[in-house]
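As a plain string of letters, each chain reads:
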Amino acid sequence: MRTRLSICLRKIRYATQEEALQAALGAPFPLRPYLCDRCRCFHLTGRIKGKRMPRAWMLGGDGSDPKAGPKAD
Ligand SMILES: [Zn+2]
């Protein structure tokens, strides 16, 4: 899991996983600690399940036009 630097800077850093877990337990919603590869500290993430990939990239046209080249006899 690659952590963005902007996200890293925005998030709270925990020196140990235990410290992050304690903070996660105190939150009103489920959080999961993970090791950040940017700062080598622990952050908390709220995304535990339901990985949804955006489909916007599928909507881009590739330039194919169905009405190409009318044949006239
Ligand atoms: Zn970080």
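Residues numbered from 1 in each chain as written. Predicted model: local features only at pLDDT ≥ 70, side-chain atom pairs only at ≥ 80, totals over all residues. Heavy atoms only, no water.

## Things to note about the coordination of the zinc ion
- In this structure, C8 (SG), C36 (SG), C39 (SG) and H43 (NE2) serve as the protein donors to the zinc ion, at separations of 2.1 to 2.4 Å.
- Between the donor residues of the zinc ion, the gaps in sequence give the motif C-x27-C-x2-C-x3-H. A residue pair is termed long-range when its members are at least 10 positions apart, and C8 in helix 1 (residues 5-10) and C36 in the loop between strand 1 (32-35) and strand 2 (42-45) qualify at 28 residues. Here C8 and C36 have matching classes, each one buried. (Donors = N, O, S within 2.8 Å, 3.2 Å for Na, K, Ca; no water. Helix = DSSP H or I, 4+ residues; strand = E, 2+ residues; numbered from the N terminus. Buried < 20%, exposed > 50% of the residue type's maximum accessible area, 1.4 Å probe, protein only.)

## As for unusual backbone geometry
- Within the chain, R40 stands out as a residue other than glycine whose phi angle is a positive 60°.
- Looking at the element boundaries, R40 is found in the loop between strand 1 and strand 2.
- Among the residues examined, R40 registers a relative accessible area of 62% and is labelled exposed.

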